[in-house]
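Next come the chains, spelled out residue by residue.
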Amino acid sequence: MTTQTDSVSSRRERCATCLRAQSGCICQWVRPLSHAVEILILQHPLEVQHAKGSARLLHLSLPDSRLVTGEAFAAAELDALLAGKHNVLLYPDTPGDRSLGIAPPPPLDDAWLKDTASLRLVVLDATWRKSRKMLYLNPALQQLPRLPLRDTPPSHYLIRKAHVPDQLSTLEATCYALMQLEDEVARFAPLIAAFDGFVAQQLSYITAFDAKNVK
C-alpha cells in the first residue's frame, strides 16, 4: 500500500541529470548537438529552480557549454570565465541602458565571428529586468561586444510572458545565435523542435493544475 508520505517523497525525488523532480524530468528533450562556438551561460539565481526555464535543457544539449549561477560575480571569477577566447555577449544594444550607467558596447570585430573555434558566446539567463541588473553589476560584461540577432521567427515560448517585443527564451536565442554564427540552420533545428516538446510538457502541467483548482 502506498502512503501519502511515499507519494510526496516520490514527487520530490530529483533527476540527477536535469535536476528536476522525477515527475517533471525533461531529459527526453535533450538533443546533444555538435557546435564550434563555446557557450557560457550565466544564470540568475532566481532561474535555477524555475520550472519554465530553458537554460538547463540548453546546457545539456550543447556539449561545449558551461552553466554558472550568480548575479554579481567577483571580478577575478568573471575574468577566469572569460579567459582564453574572444567573447561576444548575446544581448541587444539598447541605448536606454545608458541611463542605468551601463556603458555602450565596443564594436563587434567581424574577423572574430569568422573564426568560430576561437569564439565564446556569453548568454545571460534571466528575466529582462534581471539581465539588465546583471549587466549593470558586472562591468566586465559591459566591455564585451554584443551580438544582435537577425530575422528571428516568433518565439515558441508560450509558457512565460514576454516583457519586450520579440523576446525569446534563452534556448531559442542561443540556438538562433549559433545558426547565425556558424551559418548552419539544419544542425540546430532539432533542438528548437525538442523545445516545442518541452513547452508542451510544461503547458500540460499548467492545464492540469488549473483544472484541479477550478471550483
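Residues numbered from 1 in each chain as written. Predicted model: local features only at pLDDT ≥ 70, side-chain atom pairs only at ≥ 80, totals over all residues. Heavy atoms only, no water.

A. Examining the nonpolar core more closely. Ile-39, Leu-121 and Leu-171 are the most contacted members of the largest nonpolar core, which has 37 residues in total. Within the residue set of this core, elements represented by two or more residues are strand S1 (38-43), helix H2 (55-61), strand S3 (86-90), strand S4 (119-125), helix H7 (170-182) and helix H8 (185-213). If we skip the residues at most four places from it in the chain, Leu-121 touches Val-37, Glu-38, Ile-39, Leu-40, Val-88, Leu-90, Leu-147, Thr-174, Ala-177 and Leu-181. Within the second largest apolar cluster, 19 residues are counted, among which are Leu-42, Phe-73, Leu-78 and Val-122. (Core = buried A, V, L, I, M, F, W, Y, C linked by side-chain atoms within 4.5 Å. Buried < 20%, exposed > 50% of the residue type's maximum accessible area, 1.4 Å probe, protein only. Helix = DSSP H or I, 4+ residues; strand = E, 2+ residues; numbered from the N terminus. Contact = heavy atoms within 4.5 Å.)

B. Focus on unusual backbone geometry. Not every positive phi belongs to a glycine, and Leu-19 is a case in point at roughly 65°. With respect to the element layout, Leu-19 can be found in the loop between helix H1 (4-12) and S1. Exposure remark for Leu-19: the relative accessible area of 45% places this residue in the partly exposed category. A positive phi angle is found at Asp-183, which is not glycine, with a value near 50°. The topology assignment puts Asp-183 in the loop between H7 and H8. Note on Asp-183: relative accessible area 69%, which makes it exposed.

C. Structural detail: the sheet that holds strand S2 (residues 65-69). Read from one edge of the open sheet, four strands run S2-S1-S4-S3, paired in parallel fashion. Taken across any chain shown, the strands that pair with only one partner, and hence form the sheet edges, are S2 and S3. Sheet twist, expressed as the average angle between the axes of neighbouring strands with direction ignored, equals 20°. Two elements, S1 and S4, share six bridges in a ladder whose sense is parallel. Across the sheet, Leu-42 pairs through a bridge with Leu-124, a residue of S4. Against the sheet, helix H3 (residues 75-82) engages S1, S2, S3 and S4, with an angle of about 155° to S1. (Pairing = 2+ DSSP bridges. Axes fitted to C-alpha atoms, helices over the stretch in contact; angles between N-to-C directions.)

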